[in-house]
Amino acid sequence: MAVLVIGGAGYIGSHTAHILKERGEDVVVFDSMELGHREAVAGLPVVDANYADKAALVGAIKDYEINAVMHFGAYASVGDSVRDPAKYYENNIGSGLVILRAMLDTGVKHMIFSSSAATYGEPQVIPIPEDHPQKTTNPYGETKLMYERILRDYDHAFGLKSVSLRYFNAAGADPEGRFGEDHSPEQHLIPLVIDAALGRRESIQVFGTDWDTRDGTCLRDFVHIVDLADAHIRALEYLRGGGHTTAYNLGNGQGHTVKEVITAVEKVTGRKVNAVAAPRRPGDPARLVASCGRIIAELGWKPQYPEIETIIEHAYRWREAHPNGYRS
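Residues numbered from 1 in each chain as written. Predicted model: local features only at pLDDT ≥ 70, side-chain atom pairs only at ≥ 80, totals over all residues. Heavy atoms only, no water.

Applying the stated rule across the entire model yields one cavity of 30 Å³ or more. Considering every element that reaches the lining of the largest cavity, the biggest residue donor is helix 10 (residues 308-321), with three residues. Here the lining of the largest cavity is composed, by residue class, of four nonpolar, two polar and two charged. (1 Å grid on protein atoms, 1.4 Å probe; cavity = no way out; pocket = protein on both sides within 12 Å on 5 of 7 lines; lining within 4 Å. Points joined across faces, edges and corners; volume = space filled by probe spheres on them. Helix = DSSP H or I, 4+ residues; strand = E, 2+ residues; numbered from the N terminus. Nonpolar A, V, L, I, M, F, W, Y, C, P; charged D, E, K, R; others polar.)

See the structure below:
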């Protein structure tokens, strides 16, 4: 029996797939390579197909005797979702329903879903608990929230059990330097700041310096990619042990401002970063910090790499060694 990792050639999916294998699981990656990298899943069996293709999904489930699915395959850019909501609803919901139909048709009853803190919208309390009101502010967050609700309905109607993991800011890279973050275009703060330190970009824009935070820049909760992967595996073990459909936050429970991230990158790299003040971006909350007490108490999860400098060091080592990402 094996785990099907949909979107498994992407940033979070590839790290999780390799760690699953290291922990003794049979793993099959299902990815169209639209946004993923074949080099990121070297050594793993790969089904090269789009998850909108039900026949390909059913074939993979039967051929590899799949008994659980991890779904990392959705589009995940807030700005892109505002510009083209149809793309997000068609893929994240429409194609996402194809996965569930394939699971129902083949009797697979366990899913770990890659959700998001974007389901909360503008936070009313910090840190944000799982029972915080979910009032999304963009189509991307709406698709994640909608899919969580669909999963609850599929449990009630069909007994399909799921865990939705609401990520805050995924960051870092494999500590051994084998895998890392390679998006095109890159939109995440830490790799962008590292690129500025390495001279691969002239500067890093700081969107707003007058926020209600300790230094006026946005506050975010960064969680190491390896800790994210560990949470997925613990969630799968929880479902296999008879767990019910639920959702957990995934963060460190502490926040770092944009200025603090820049300072930490300068310390780790020994290089100066040219930071340029820019206007606030519409829809950016001032602070996003997770309350992770529930997953710690119920699944025994604990971040192995909570320090921001460690997260940055792992990201920096991979990015320095791979100036063109996996293409190098």
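Helix length check: helix 4 (residues 85-106) (22 residues) gives 31 Å between terminal C-alpha atoms against 32 Å at 1.5 Å per residue, within 8%. The set of residues buried in helix 4 consists of Tyr 88, Asn 91, Asn 92, Ile 93, Ser 95, Gly 96, Val 98, Ile 99, Leu 100, Ala 102, Met 103 and Leu 104. Contact partners of the buried residues in helix 4: strand 1 (2-6), helix 2 (54-63), strand 4 (66-71), helix 3 (78-83), strand 5 (110-116) and helix 5 (139-158). Directly after helix 4, the chain includes Gly 107, whose backbone phi takes a positive value near 80°. (Expected span 1.5 Å × (residues − 1). Buried < 20%, exposed > 50% of the residue type's maximum accessible area, 1.4 Å probe, protein only. Contact = heavy atoms within 4.5 Å.)

Quick look at the layout of surface pockets now. Of the volumes computed, that of the second largest pocket is approximately 220 Å³. Lining the second largest pocket are 15 residues, with Glu 186, Asp 195, Arg 200, Arg 319 and Pro 323 sitting closest to its centre. Among the elements of the structure, helix 6 (189-197) and helix 10 are those that each provide at least two residues to the lining of the second largest pocket. In terms of residue class, the lining of the second largest pocket is made up of three nonpolar, four polar and eight charged.

Once that is clear, we can look at the sheet that holds strand 4. Strand order across the open sheet formed by seven strands is 3-2-1-4-5-6-11, with parallel pairing between neighbours. Strands at the two margins of the open sheet, each flanked by one partner only, are strand 3 (46-47) and strand 11 (246-250). As defined by bridge partners, strand 4 adjoins strand 5 across three bridges and the pair is classed as parallel. Residue Met 70 lies in a different strand from strand 5, and its bridge partner there is Ile 112. Running at roughly 155° to strand 1, helix 2 makes contact with strand 1, strand 2 (26-30), strand 3 and strand 4 of the sheet. (Pairing = 2+ DSSP bridges. Axes fitted to C-alpha atoms, helices over the stretch in contact; angles between N-to-C directions.)

Before going further, it helps to examine unusual backbone geometry. For the bond from Ile 126 to Pro 127, the omega torsion is 0°, close enough to zero to count as cis. Following the sequence through the fold, Pro 127 ends up in the loop between strand 5 and helix 5. For the peptide bond that leads from Ser 184 to Pro 185, omega is 0°, which places it in the cis range. Following the sequence through the fold, Pro 185 ends up in the loop between strand 7 (169-171) and helix 6. We note that Met 33 has phi near 65°; this positive angle belongs to a residue other than glycine. Mapped onto the fold, Met 33 is located in the loop between strand 2 and strand 3. Its relative accessible area of 17% is what places Met 33 among the buried residues. Although it is not a glycine, Glu 65 adopts a positive phi angle of roughly 50°. Within the fold, Glu 65 resides in the loop between helix 2 and strand 4. According to the relative accessible area criterion, Glu 65 is partly exposed, its value standing at 49%.

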